[in-house]
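# A look at the structure
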Amino acid sequence: MSKDKIRKTVLAAVFTALIAASSFFTIPVGPVPIVLTTMFVVLSGMLGGPWVGLSAVGSYLILGIIGLPVFAGGTAGIAKLMGPTGGFLIGYLLAPVAGGFIFNPPGDKAKGLKVLLAVLGAFTAGALIYVPGIPWLKYSLSMDWPSALQAGLIPFIPGFIIKNAAAAALAFALKERFQNFLKSEE
Amino acid sequence: MAGSLMFQYQPGSSVLHRSDIRVKLIIMIALSLVLIQVSVFRLSLLLPFLLLLQCSLKRRPLPPPLPVLFMPALIFTGNFLSLAAGDALLSSALITAGLRTVRFTFILWMAQLFTETSDPMCLTPAFYRLLKHIPLIPAGRISTQLGLSLTLIPVILEEMNEIRDAMISRCGWNPRSPLKNLVHMGQPLLNGVLLKAEALSDAMEARLFTEDSTEPELLGSSSVLLPLLAGSLFILILLAGEYVLSRSGSSSFFVQFF
Amino acid sequence: MLEVQGLTRTYTEGRKVLDNINLSFSEGSFTIIAGPNGSGKTQLMRHLNGLLKPQSGKILLRGRDIRENLTETRKRIGLVFQNADSQIVGQTVASDICFGAENLKWSRKRINEKLESLLREFSISELRNRRPHTLSGGEKRRCVLAAVLIMEPEIIVLDEPFTGLDRDGVQDVLKDITRLHKEGKTIILITHDLEKSLAHADRLVLMDKGSVVEDGRPADLLDRLESAGIRKPWGENRDLESMTWLAP
Ligand SMILES: Nc1ncnc2c1ncn2[C@@H]1O[C@H](COP(=O)(O)OP(=O)(O)O)[C@@H](O)[C@H]1O
Ligand SMILES: [Mg+2]
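Report follows, based on the coordinates. (Residues numbered from 1 in each chain as written. Chains lettered and ligands numbered in written order. Predicted model: local features only at pLDDT ≥ 70, side-chain atom pairs only at ≥ 80, totals over all residues. Heavy atoms only, no water.)

What follows is about the packing of helix α3 (residues 93–103) of chain C against helix α5 (residues 137–149) of chain C. Think of two packed helices as two axes; the pair is described by the angle between the axes and how far apart they sit. Residue and element names in this part refer to chain C. Interhelical geometry of α3 versus α5 gives an angle of 35° and a closest axis separation of 7 Å. Crossing of α3 over α5 shows right-handed handedness. Each of V93, D96 and I97 in α3 lies in contact with α5, whose residues at this interface are C143, A146 and A147. (Axes fitted to C-alpha atoms, helices over the stretch in contact; angles between N-to-C directions. Helix = DSSP H or I, 4+ residues; strand = E, 2+ residues; numbered from the N terminus. Left-handed = near helix turned anticlockwise from the far one by under 90°. Contact = heavy atoms within 4.5 Å.)

Take a look at the structure:
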């Protein structure tokens, strides 16, 4: 198999592992511990590109569906995917694609523009997780819109801002190295 | 912590343990799909089936972790409150909320039966065998990718814990600047991940990785036909019985909810 | 016979990480390549089976450029990388060992036979169903070595195989290396732990800043180690035979 394909496969696998491992791992940021899964979902696309990111997140969902406890809080299974929070998991598939397409700077772009694209990419990708997530939550618990937003969006806003800002910073700092890896000069 | 990854698989020799993983997977998915629409009839027919499978394990069921017990309660209350607050009758709100909760519990139960009896080590070969029949899907690559990530999860988890501990012990955590914390932790983590990817792809290239390699082995003895027949028979009976009975008597038994 | 001719490599900064390397390794030889960190040893090794393409110069195996048929090259030249953890591909020891052979599309029967004999040879039969990351450092290295050997290479290149191992681990790995050498394999061992292994080598190559600075019989080079930036094995006037960690 070509060097290029091997590298993409491996990078996707590493991101899958990173996303899955992060669901076991909480860090004490601010008053409540947060889970970093969404940040790595966003980063898998921004650093690996849309397709590597999509395949990483897809495998992550497969691991969860076949029963490894890799979804938030050590849960797993189709049950979770079809449960009230399943829509967020579907949103995980959109995030890397958007992040990868938006933050895709050729090397010679101005620094300011790169920063802008990184921020835009991270926040768009992060927001896309909520797009299927909230209607699904509303529907599966028969909530009205205000309470669905109250339950599924508002408590997560501070974490959303911090994690996506961090994703933008990290993607900006590391993009070149990851691009070089994927370019795979011999 | 890495141990919790495997906490669900319990080796054994029951019928479920000996059934082919692919068959179990397909039946579980099929039943989950059947349950997208629930009725009292469907759920009450499924209960003895699941009980039978549970008993075939011949051991006491594992106590589920606390959040799992909490979820059905949450689903019930959430559903009931919002239905009752709407214009639904109290009784129908109760039934709908109840059915949805039971459905959730059943799916969870199936997932538990599946994971308890399926060795994760056999999962990727089984997956390969499933996927390779679907055209246009790079089965070899996907199953290798899944297998790789399975081996990497504990390694990366360890690295995450190490980086966090190193930062804490160097007083790198500043509770007032969470953003800085995240970036300071993410940088070495992602660098490490890239180095790992570099080393791993070198090693795979050196060992001539290719998509159409000799098929991975399905470990252990696994019976295919019997469980497949039993499973499809059950689903057939369920659907047929429902069709016939619901035409003769129109009880609320068969009313379907999403 | 493996020949490296005029191999040079530069990265964008303009510094030469490999500078006109000329070496040849005869069949059945045991060469140790030593040099300080960053002297280009790993870069050299990655050229040896075509993971890196020479920017200038070439590498010949039995007189033919190795890039003509990379599959054949990689089958014949086995690389054991520095970090054991990140070259393990399988979920069990057995499946990791089989990986290379599966990629060569051998029949399952042939793979299993070879696997059994390797497990016996390395005395790791009881590890076969273990998850690789739960193994000790020495066990991991031997698992990786077995995984490379399943493709039946003639030449085995090992990059710093002793790092992070305790005494038992070093002994186990060293025992395997010397056994393979006795069986006729060509060994190229990259290490700066001369004290642990020099007694077994018939040739020593010293590298520094991307060039070969010394190349000769170990006994002749002992006095020149320090000038090449290598710490001399501990002890005044130690004789060469004592430079091994294998119990006599
Ligand atoms: N991708 C790369 N880009 C730039 N420099 C590199 C790259 N890879 C290795 N180097 C440089 O090549 C030199 C030799 O590295 P290496 O072969 O790993 O040394 P050794 O194995 O002898 O310790 C080092 O100085 C390293 O910084
Ligand atoms: Mg090195």
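A common way to report how large an interface is uses the accessible area buried once the components associate. On the side of chain A, 61 residues touch chain B, which itself brings 64 residues to the contact. Both sides of the chain B and chain A interface together cover about 5600 Å² of buried area, and 78% of this is carbon and sulfur. Taken together, the links from chain B to chain A amount to two salt bridges. The shortest N-O distance in the salt bridge between A:R7 and B:D202 comes to 3.9 Å. Run the count over chain B and chain A and you get five residue pairs in polar contact (both at pLDDT 80 or more). (Buried area = accessible area lost by both parts, 1.4 Å probe. Salt bridge = Lys/Arg side-chain N within 4 Å of Asp/Glu carboxyl O. Polar contact = N/O pair within 3.5 Å; in protein donor to acceptor, adjacent residues only side chain to side chain.)

So, on to a nonpolar patch on the surface. Residue and element names in this part refer to chain A. Together, W145, L149, I154, I157 and I161 line one region of the surface with nonpolar side chains, adding up to about 440 Å² of accessible area. Mapped by element, the contributors of at least two residues to the nonpolar patch are α8 (145–152) and α9 (157–183). Within the secondary structure, I157 is located in helix α9. On the accessibility criterion, I157 (37% relative accessible area) is partly exposed. (Patch = residues over 30% accessible without salt bridge, like charges linked within 9 Å, V, L, I, M, F, W, Y side chains within 5 Å. Areas by Shrake-Rupley, 256 points an atom, 1.4 Å probe, with all protein chains shown as cover. Buried < 20%, exposed > 50% of the residue type's maximum accessible area, 1.4 Å probe, protein only.)

Residues and elements named next belong to chain C. Ordered in space as β6-β7-β8-β3-β9-β10, the six strands form an open sheet in which the pairing is mixed. The open sheet is flanked by β6 (77–80) and β10 (211–216), the only strands paired with a single partner. In this sheet, neighbouring strand axes are inclined to one another by 15° on average, regardless of whether the strands run parallel or antiparallel. Judged from the four bridges that link them, strand β3 (residues 30–34) and strand β8 (residues 186–190) form a sheet pairing that is parallel. Note on β8: the bridge partner recorded for F30 is I187. Contacts between helix α1 (residues 41–48) and the sheet are confined to β3, β6, β7 (155–159), β8 and β9 (203–208), with β7 contributing the most and set at about 150° to the helix. Across the sheet, α5 is in contact with β6 and β7; its angle to β6 comes to roughly 165°. (Pairing = 2+ DSSP bridges.)

Before going further, it helps to spend a moment on unusual backbone geometry. All names here are of chain C. At E152, a position not held by glycine, the phi torsion is positive, near 55°. Within the secondary structure, E152 is located in the loop between α5 and β7. Take E152: its relative accessible area is 40%, and that puts it in the partly exposed class.

Next up on the list: the site of ligand 1. Residues and elements named next belong to chain C. In the region of ligand 1, the neighbouring residues are Y11, R15, V17, P36, N37, G38, S39, G40, K41, T42 and Q43. Between an oxygen atom of ligand 1 and a side-chain N or O atom of R15, the distance comes to 3.3 Å. Interatomic distance of 3.0 Å between a backbone N/O atom of G40 and an oxygen atom of ligand 1. The biggest single contributor to the shell around ligand 1 is α1, with three residues. Across the shell around ligand 1, the residue classes tally to three nonpolar, six polar and two charged. (Near = heavy atom within 4 Å. Nonpolar A, V, L, I, M, F, W, Y, C, P; charged D, E, K, R; others polar.)

Contacts between the two partners involve eight residues from chain C, matched on the other side by four residues from chain A. Across the chain C/chain A interface, buried area totals approximately 390 Å², and carbon plus sulfur atoms make up 29% of it. Among the residues chain C hides against chain A, the three largest losses belong to C:R9, C:L51 and C:K53. Together they make up 56% of the total. The tally of links from chain C across to chain A stands at zero salt bridges. In this structure, the connection of chain C to chain A is made through one residue pair in polar contact (both at pLDDT 80 or more). Classifying every residue of the side of chain C that touches chain A by side-chain character gives three nonpolar, one polar and four charged.

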